Amino acid sequence: MISLKGATGSTGSTGPIGATGPAGATGATGPAGLAGAAVYGIMSLSNGAVISAQIGEAKMVPMNNFFGSNVLYSADNLGTNPTITATESGIYEVEWLLTCKTTAGTSTNLAVKVGKGSNNAFIYLDQLTVLKTLANNTEATFSGKTYTTAYPGTAFTLVATPQSTNITLTIPSGGTNAYLSIKRLGDIV
């Protein structure tokens, strides 16, 4: 049988671009974002420290670096008894870290807490406390983050409190081995 079908021809040239179609409808407006953090402060320790404390004694962790905006700082000589004080009411994110070791001669229970209060009268809330058992001469890191309300004059500090034996804590130097930060996230509702 004889076929009348010929060979495939070459591809033709591209046709002209069509006209632009009409614009689509405007989308719905998204929800409003949170206000930026107007208050932010951090205090940290980079030169190391030694803390001695008796059972149940809350010892403030020394700090030697202070920076931020719209907060107040206070500390005694060489950064002892440091605090960050809020200057605005609001909901705050509180974050902290402490890396240390003890040479108590035995394992010990240690609570690292954030104190919240005014005029050096601090309360220690459960959500601001981390409790660990430290093996003798073994480094451990305590850290936490929570949200709490604060008003102008509310101060925060980081403390270490031995629970089972008297201790000497060593916070290593080099790097940031202790810090406490507060950040205002929004208004109290």
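To be clear, the structure that these remarks concern was listed above.
Residue positions are given per chain, counting from 1 as you read along its sequence in written order. Side-chain atom pairs in this predicted model are given and counted only at pLDDT of 80 or more, local residue features only at pLDDT of at least 70, and totals for whole chains, interfaces and linings cover all residues. Excluded from the side-chain calculation are hydrogens and water; included are all heavy atoms of the structure.

## Considerations on the packing of aromatic side chains
Rules: The criterion for an aromatic pair is that two Phe, Tyr or Trp rings (for Trp, the six-membered ring) have centres within 6.5 Å, with stacked assigned to planes under 30 degrees apart, edge-to-face to planes over 60 apart and tilted to the rest. In our convention, an over-ring charge means Lys NZ or Arg CZ found within 6 Å of a ring centre and within 35 degrees of that ring's normal.
In the structure shown here, the tally under the stated rule is 1 aromatic pair. Directly above the ring of Phe-142 sits Lys-132, whose terminal nitrogen or CZ lies 5.2 Å from the centroid.

## Notes on the pairing of strand S7 (residues 90-102)
To be explicit about the condition: With a 1.4 Å probe rolled over the protein chains alone, any residue whose accessible area is under 20% of its type maximum counts as buried; one over 50% counts as exposed, and the rest are partly exposed. A run of H or I in DSSP counts as a helix once it spans at least four residues, and a run of E counts as a strand once it spans at least two, with each numbered from the N terminus. Two strands are said to pair when DSSP picks up at least two bridges between them.
Counting buried positions along S7 gives 10 out of 13 residues, so the element sits mostly inside the fold. When S7 meets strand S10 (residues 140-150), the two strands line up antiparallel, connected through 11 bridges. Note on S10: the bridge partner recorded for Thr-99 is Thr-141. In the sheet, S7 pairs with strand S13 (residues 178-186) via 8 bridges, with the strands oriented antiparallel. The residue bridging Val-94 from the neighbouring strand is Ile-182, located in S13. Pairing of S7 with strand S12 (residues 167-171) involves 2 bridges; the strand directions are antiparallel. Of the residues in S12, the one forming a bridge with Lys-101 is Thr-170.

## Examining the pattern of salt bridges
For side chains of opposite charge, pairing can occur when their charged atoms come near one another. Quick note on the threshold: Each salt bridge in this description consists of a side-chain nitrogen of Lys or Arg and a carboxyl oxygen of Asp or Glu lying within 4 Å of one another.
Using the criterion set out here, one finds 5 salt bridges in the structure. Here Lys-183 and Glu-93 are joined by a salt bridge, their closest N and O atoms 3.7 Å apart. In this pair, Lys-183 sits in strand S13 while Glu-93 sits in strand S7, placing the two residues 90 residues apart along the sequence. The exposure class assigned to Glu-93 is buried, which follows from its relative accessible area of 10%. The salt bridge involving Arg-184 is made with Asp-187; its shortest N-O contact spans 2.3 Å.

## Details of the environment of Asn-77
Residue position: Asn-77 is located in the loop between strand S5 (71-74) and strand S6 (83-86). By relative accessible area, which is 63% here, Asn-77 ends up exposed. Separated by 13 residues in the primary sequence, Asn-77 and Asn-64 place their C-alpha atoms 10.0 Å from one another.

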